[in-house]
Amino acid sequence: MENGEIENQDDDNHHHHHIPVSHQTVVGGRRQYTPVVAHDRAVLEMTSLESGGGSSTPPPPSSGGLPIPSNPLKNIKLDAGETSSPSRGNQDRPQRDSKLELFGFDSLVNILGLKSMTGEQLVAPSSPRDGEDVSITLGRPKPNDLKMGTMMGVFVPCLQNILGIIYYIRFSWIVGMAGIWESLLLVSFCGLCTFLTSISLSAIATNGAMKGGGPYYLIGRALGPEVGVSIGLCFFLGNAVAGSMYVLGAVETFLNAVPAAGIFKGSITSVNATSGATEHIQTPNLHDLQVYGLVVTIILCFIVFGGVKIINKVAPAFLVPVLLSIFCIFVGMFAAKKDYPSPGIMGLSAETFKDNWSSAYQRTNSAGVPDPEGSSYWNFNALVGLFFPAVTGIMAGSNRSASLKDTQRSIPVGTLSATLVTSALYLVSVLFFGALATREKLLKDRLLTATVAWPIPAVIYVGIILSTLGAALQSLTGAPRLLAAIANDDILPVLNYFKVADGGEPHLATLFTAFICMICVVMGNLDLITPTITMFFLLCYAGVNLSCFLLDLLDAPSWRPRWKFHHWSLSLVGASLCIVIMFLISWSFTVVSLALVSLIYYYVSLKGKAGDWGDGFKSAYFQLALRSLRSLGANNVHPKNWYPIPLIFCRPWGKLPENVPCHPKLADFANCMKKKGRGMSIFVSILDGDYHDCAEDAKTACRQLSTYIEYKRCEGVAEIIVAPNMSDGFRGIVQTMGLGNLKPNIVVMRYPEIWRRENLFEIPATFVGIINDCIVANKAVVIVKGLDEWPNEYQKQYGTIDLYWIVRDGGLMLLLSQLLLTKESFESCKIQVFCIAEEDIEAEELKADVKKFLYDLRMQAEVIVITMKSWEVQVEGGPPQQDDSIEAFTSAQRRIASYLGEMKERARNEGTPLMADGKRVIVNEQQIEKFLYTTLKLNSTILRYSRMAAVVLVSLPPPPLNHPPYFYMEYMDLLVENVPRLLMVRGYRRDVVTLFT
């Protein structure tokens, strides 16, 4: 269908209803709708759902169906002037019935068509940062935007940038120095590098819409902000320095054409010709190059300040003299005869071709004139560095992506065409130059192209000067925009000065570029500048190839480039070629440029504010994580590879300050459970309520918790669960949290010290339920008592870490003590292991066994064995400091007796068995007394031996089966009484330490 007409065919009458919506244009590879003009009217005709859509009389309702409305056809007319603002909500929009109302969203016609008619200008953010939502936004193009096609938008700029000064004033010299066959090899080698880069560029550029920044945008979104900024800044430097190269080329050409314009005296080099006579070759004075170069740079800078529109209008005019001059060169070659138009020119001769076939590397002076005592010796590697700028410029099309009608078609076709055309021109030129003149003429006549040009050399001088000034203008225009694009992404704060508003001119960035350009102009030596540019361009090309290689190799679902002729192996060869060429040119320049990139990368990593751009490295990490997870399997991890993955239960027993989602010391304790920060913690909290009502609250809480654990420098993730109550929520967490072998293996929570003080009598049932759930799910448990006093990383502790090792726990308690020792706050402590022996006879034997076991585990600790007999003596006639424990013991007895009496009274009145917290319980009063007595003895022992310990670790007794939770809390309270800092540890059914290597 054309002109945006929506065609609707009536089944009975075969009428066509044409609804003029808008004219369609193709922008950026997809159809967009231009706005409806004032006299247009959009009429939406909605037919009824019954078969006879054209009939206005409804059939009678059937017995099994609903009555059909009597007005099945509605015409809703939208005036072009009507607009709806997204901020005013649904109530201001024209209300209309929709067949698709069931789906709950606006229909696609609404989004793609009518949205752009309303005049809303929707702008996408430059890059998602800090959790911004990314949405598909469509805005109407500005009517004054002039969009360019493949020829003017990509092919011409690429051709203009590639065909530059090197071809005119160095190419014949390169043929003379390297010979024909090595020159062919040189052109093919450099051409292959840019051709493969063009293929990679085509693939990435056709994988979605592009914004400003050209190759920086592509590399940054593929390899991440750090790599993108590093290579982008180097590419900026390369462009800025290239501007100086073009300026110096134009000035040198002008001074060679008009020697009288020189302010200073030129240098004259005497060279012995083959005939025996001495030739004098005049080269421009360095100071002339500097003065004229600075003047030209300043003039160009003023033109650039005039805006990009002026440059875009002038650019095609610059290209015409270039093409005309090349045509004149080839006409002149065919017209040339022996010693015409200059001595040393042989015409197109097979004999000359044979003489020039091999290379003739020799020394030259700094101006490139052959000199046996010259300072420069040339070889193939050096020529690669000199010639490579002649093939650069392939990024000119991608730099203009915002001004193209169809980037997905123009960039591949235009860039590859320009690359192939220029490579073919260079290859043909090698053959023609090799057959045209003697080697001596090729080496001495720097402007042989002007000498042979038809009809007069001035054509070439004009062509060179215009083409180089045009290329310099492109550099001075493109480089500041690249710098402004990097600054606008707000990654490096130091670049904030170069930010520009949308559509604004980057004046500060232009001044900075001109400053760099002037410094290089003052250096004055073209042959010293070109290798520097080459390094920076090669780095950028390597970045583009590596980006394509990574994206091709990962093959994520979002990787769907329209350009199909690409493969990861081609990109890898292209990237390798770039690196090889860098080292061929100069290993010292390569090392310096790589060091510069690494420094920028390191600086961005430290100071940058990089967001998630969905780059290839993130995709690689994701695929690596999935592969690692699969390779781990579901089997138990070997004890040597066991890492603690703590599940930190953030929900406190009580209240926390406002905007603090987790107890601060829980985060400090989580860090103590990792060796050198390795491992992962999962911080979870539970919101009571209905999931549908609390889903948004849960997302907000999860963001707060994530921010908090990042602030506390914990390596972990945050999860918020919505559940009817804490018990149900925790049961869901302990069953489902984690994947494969990356499930949490230790549950860490705070001991509820406040439960009796604040009369929170629902806590015992929840606390006991959580411990029982962990036992059933085979999770280890660590309960922290005295969390408020837990030291942070700066509070150094002295004394001992005491372990009361009562039951076999797989070595978890021993491992935790060793992990504590690796932290700065506990590194000055010593470990003491207390073991319980039934009889005195067993004590020495047990001590020896434990010592040997600890020695085999490579753990330094003092072993102390306590016998049950010493317990009895201690309780019966203990020292006065145990009075607090005895008092707590009698208080617990009294409370348990009172609670038991209430339970029995309630059971008697209701005629039911003994119930506690809605569950049936069995109470053995003798067993309760025994449990109380055991915890009292253990507490007294801890207070006797470990009152000054930095931290005490003790085995956590499991809740007795069918026992009232209230009683268990009484036992625990008695166990922890007066112990300032205590960890209760329960292992699970597997070893976490091993004796073997």
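### Some remarks on the overall build of the protein
- Counting secondary structure elements, the protein contains 30 helices and 22 strands.
- Counting the 997 residues in the protein, one finds 48% classified as buried.
- Within the protein, contacts between residues at least 6 apart in sequence are counted, and of these 79% link residues at least 24 apart.
- When the accessible area of the protein is evaluated, it comes to approximately 49100 Å², of which 58% is carbon and sulfur surface.

### Describing the nonpolar core
- Residues Tyr-167, Phe-171, Val-229, Leu-383, Phe-387 and Tyr-426 are the most contacted members of the largest nonpolar core, which totals 142 residues.
- In contact with Phe-387, not counting residues within four places along its chain, are Ile-166, Phe-171, Ile-174, Leu-186, Val-187, Cys-190 and Tyr-426.
- The next biggest cluster of nonpolar side chains, apart from the first, holds 62 residues, and it includes Val-684, Val-921, Leu-943 and Val-976.

### Structural notes on helix α2 (residues 150-162)
- If you look at α2, its biggest bend is around 25 degrees, right at Val-156, and the proline Pro-157 turns up within four residues after that.
- Here α2 has its buried residues at Thr-150, Gly-153, Val-154, Phe-155, Val-156, Pro-157, Cys-158, Leu-159, Gln-160, Asn-161 and Ile-162.

### What about the packing of helix α24 (residues 763-776) against helix α30 (residues 965-976)?
- Two elements in contact, α24 and α30, have axes whose closest approach is 8 Å; the angle formed by their N-to-C orientations is 85 degrees. Judged on the interaxial angle alone, α30 and α24 are roughly perpendicular. Where α24 approaches α30, its residues Pro-764, Ala-765, Phe-767, Val-768 and Ile-771 are matched on the opposing element by Pro-965, Tyr-966, Tyr-968 and Met-969.
- Residues that form the contact of α24 with α30 fall into these classes: nine nonpolar, no polar and no charged.

### Re the pairing of strand β17 (residues 830-837)
- Counted residue by residue, β17 has six buried out of eight residues, so it is predominantly covered.
- Handedness of the strand β16 (residues 800-805)-helix α25 (residues 812-821)-β17 crossover: right-handed.
- The sheet contact formed by β17 and strand β18 (residues 862-867) spans six bridges and is parallel. Considered in β18, the bridge of Phe-834 is made with Ile-864.
- In this view, the connection linking β17 to its parallel neighbour β18 by way of helix α26 (residues 840-856) has right-handed handedness.

### As for the confidence of the model for the protein
- When pLDDT is averaged along the protein, the result is 79, and 79% of the positions lie at 70 or above.
- For residues 1-95, every residue scores under 50 in pLDDT, and the model assigns this stretch 117 contacts once sequence neighbours within four places are set aside.
- pLDDT under 50 marks residues 875-881. Its contacts with residues more than four places away, or in other chains, come to five contacts.

### Focus: helix α16 (residues 507-523)
- Between its first and last C-alpha, α16 extends 25 Å over 17 residues, near the 24 Å set by a 1.5 Å rise per residue.
- Residues Ala-509, Thr-510, Thr-513, Ala-514, Ile-516, Cys-517, Cys-520 and Val-521 constitute the buried set of α16. Taken end-on, α16 shows its buried residues confined to a sector of 160 degrees, consistent with a single buried face.
- Gly-524, located one to two residues past α16, shows a positive phi value of around 80 degrees.

### Looking at the pairing of strand β22 (residues 982-986)
- Of all five residues in β22, four are buried, a share of seventy percent or more.
- Relative to β22, strand β15 (residues 780-785) is paired through five bridges, and the arrangement is antiparallel. Pairing of Val-784 across the sheet is with Leu-983, part of β22.
- Strand direction decides the pairing type here: strand β21 (residues 951-955) and β22, joined by four bridges, are parallel. The residue of β22 that forms the bridge with Leu-953 is Leu-983.
- With respect to chirality, the unit in which β21 leads through α30 into the neighbouring parallel β22 is right-handed.

### Side note on the packing of helix α6 (residues 225-257) against helix α19 (residues 587-607)
- Contact geometry for α6 and α19: axes closest at 8 Å, N-to-C directions at 135 degrees. Compared by their axis directions, α6 and α19 come out oblique. Crossing of α6 over α19 shows right-handed handedness. Of α19, the residues touching α6 (which contributes Glu-226, Val-227, Val-229, Ser-230, Leu-233, Cys-234 and Leu-237) are Leu-596, Val-597, Ile-600, Tyr-601, Val-604 and Ser-605.
- When its residues are assigned to classes, the contact of α6 with α19 shows 10 nonpolar, two polar and one charged.

### With respect to the packing of aromatic side chains
- Applying the stated rule across the entire model yields 32 aromatic pairs.
- Judged by centre distance (5.4 Å) and plane angle (75 degrees), the rings of Trp-563 and Phe-565 are edge-to-face.
- In this structure an aromatic cluster arises from ring pairing among Tyr-167, Tyr-168, Phe-171, Phe-387, Tyr-426 and Phe-433.

### Re the pattern of salt bridges
- Counting across every chain of the model gives 16 salt bridges.
- One salt bridge connects Lys-441 with Asp-445, and the closest N-O pair in it is separated by 3.3 Å.
- On the accessibility criterion, Lys-441 (15% relative accessible area) is buried.
- Classification of Asp-445 by relative accessible area gives buried; the value is 14%.
- Between Asp-856 and Lys-852 there is a salt bridge, and its shortest N-O distance comes to 2.8 Å. Of this pair, Asp-856 and Lys-852 both sit in helix α26, separated by four residues, roughly a single helical turn.
- One continuous salt-bridge network, built from bridges that share partners, spans Arg-756, Arg-895, Glu-970 and Asp-973.

### Details of the sheet that holds β16
- Spatial ordering of the open sheet is given by β13-β12-β11-β14-β15-β22-β21-β16-β17-β18, a layout of 10 strands whose pairing is mixed. The open sheet has two free edges, formed respectively by β13 (716-723) and β18, since each of these has just one partner strand. When the angles between neighbouring strand axes are averaged without regard to direction, this sheet yields 20 degrees.
- Along the sheet, helix α22 (residues 691-711) makes contact with β12 (681-688) and β13, crossing β13 at roughly 160 degrees.
- In the packing of α24 onto the sheet, contacts are made with β11 (646-649), β14 (746-750), β15 and β22, and the angle to β14 comes to roughly 170 degrees.

### Comments concerning the environment of Phe-388
- Positionally, Phe-388 belongs in the loop between α10 (380-387) and α11 (396-399).
- Under the relative-accessibility criterion, Phe-388 is labelled buried at 0%.
- Separated by 201 residues in sequence, Phe-388 and Val-187 have C-alpha atoms that sit 8.6 Å apart.
- Here Phe-388 is in contact with Cys-190, Cys-193, Thr-194, Thr-534, Leu-538, Tyr-541 and Ile-581, once residues within four sequence places are set aside.

### Digging into the side chain of Lys-779
- Inspection of the secondary structure assignment puts Lys-779 in the loop between α24 and β15.
- Among buried Asp, Glu, Lys and Arg side chains, Lys-779 stands out as unpaired, with Asp-773 the closest opposite charge at 12 Å.
- There is a polar contact of 2.9 Å between the side chain of Lys-779 and the backbone oxygen of Pro-744.
- The residues contacting Lys-779, other than those within four sequence positions of it, are Val-734, Lys-743, Pro-744, Asn-745, Val-747, Cys-774 and Tyr-988.

### A word on a nonpolar patch on the surface
- A surface patch of nonpolar side chains, amounting to about 630 Å² of accessible area, comprises Ile-263, Phe-264, Val-291, Val-295, Ile-299, Ile-303, Ile-310 and Val-314.
- Put simply, the parts of the chain that give the nonpolar patch at least two residues each are α7 (286-305) and α8 (308-335).
- Among the elements that make up the nonpolar patch, the one with the highest residue count is α7 (four residues).
- Mapped onto the fold, Ile-299 is located in helix α7.
- Owing to a relative accessible area of 47%, Ile-299 belongs among the partly exposed residues under this scheme.

### Re unusual backbone geometry
- With an omega dihedral of 5 degrees, the bond running from Tyr-340 to Pro-341 counts as a cis peptide bond.
- Following the sequence through the fold, Pro-341 ends up in the loop between α8 and α9 (350-355).
- The step from Trp-454 to Pro-455 runs through a cis peptide bond, and the omega angle for that step is 0 degrees.
- Within the chain, Asp-339 stands out as a residue other than glycine whose phi angle is a positive 55 degrees.
- Structurally, Asp-339 can be placed in the loop between α8 and α9.

### Describing the state of the cysteines
- One pass over the structure, following the stated rule, counts zero disulfides.
- Its sulfur unpaired, Cys-672 is 9.8 Å from the next cysteine sulfur, which belongs to Cys-714.

What counts, and at which threshold
- Sequence order as written defines residue numbering, which begins from 1 separately in each chain.
- With pLDDT at 70 or above as the cut-off, local features in this predicted model cover only qualifying residues; side-chain atom pairs require 80 or more to be listed or tallied, and sums for whole chains, interfaces and linings still use all residues.
- By convention in this description, side-chain values take in all heavy atoms of the structure and omit both hydrogens and water.
- Secondary structure elements are defined from DSSP: runs of H or I of at least 4 residues count as helices, runs of E of at least 2 residues count as strands, and each element is numbered from the N terminus.
- Between buried and exposed lies partly exposed: a residue is buried under 20% and exposed over 50% of the maximum accessible area for its type, with that area taken using a 1.4 Å probe on protein chains only.
- Any two residues whose heavy atoms approach within 4.5 Å are treated as being in contact.
- Calculation of accessible area relied on Shrake-Rupley with a 1.4 Å probe; when residues are assessed, cover is drawn exclusively from the protein chains displayed.
- Put simply, buried Ala, Val, Leu, Ile, Met, Phe, Trp, Tyr and Cys residues joined by side-chain atoms within 4.5 Å make one nonpolar core.
- The angle between axes fitted to the seven residues ending at a residue and the seven residues starting there is what we call the bend at that residue.
- For every element, the axis is a line fit to its C-alpha atoms; helices are fit only across the contacting stretch, and the angle between N-to-C directions ranges from 0 to 180 degrees.
- In this scheme, roughly parallel covers angles under 35 degrees and roughly antiparallel covers those over 145, while 65 to 115 is roughly perpendicular and the rest are oblique.
- Amino acid classes used here: Ala, Val, Leu, Ile, Met, Phe, Trp, Tyr, Cys and Pro are nonpolar; Asp, Glu, Lys and Arg are charged; the rest, including Gly, are polar.
- When the strands point away from the viewer, a crossover counts as right-handed if the route from the first strand across the helix to the second turns clockwise.
- When DSSP finds at least two bridges between two strands, those strands are taken to pair.
- By definition, pLDDT measures how confident the predictor is in each residue, and it falls between 0 and 100.
- Given the number of residues in a helix, its expected span is that number minus one, multiplied by 1.5 Å.
- Directions are taken from the helix axis to each C-beta atom, and the arc is the one they span.
- By convention, the crossing between two helices is left-handed when the near helix turns anticlockwise from the far helix through less than a right angle, and right-handed when the turn is clockwise.
- Under the pairing criterion, centres of Phe, Tyr and Trp rings, with the six-membered ring standing for Trp, must be within 6.5 Å; the plane angle then separates stacked pairs below 30 degrees from edge-to-face pairs above 60, leaving the rest tilted.
- Put simply, a salt bridge is a Lys or Arg side-chain nitrogen that is within 4 Å of an Asp or Glu carboxyl oxygen.
- Neither His nor the chain ends contribute to the count of charged residues, in which Lys and Arg are positive and Asp and Glu negative.
- In the analysis that follows, any N or O atom pair within 3.5 Å is treated as a polar contact, provided that within protein one partner can donate a hydrogen and the other can accept it, and provided that, for residues neighboring in sequence, both atoms belong to side chains.
- For patch building, the residue pool is restricted to those with more than 30% relative accessible area and no salt bridge; the joining distance is 9 Å between like charges and 5 Å between nonpolar side chains (Val, Leu, Ile, Met, Phe, Trp, Tyr).
- Cysteine sulfur atoms that come within 2.5 Å of each other are treated as a disulfide pair.

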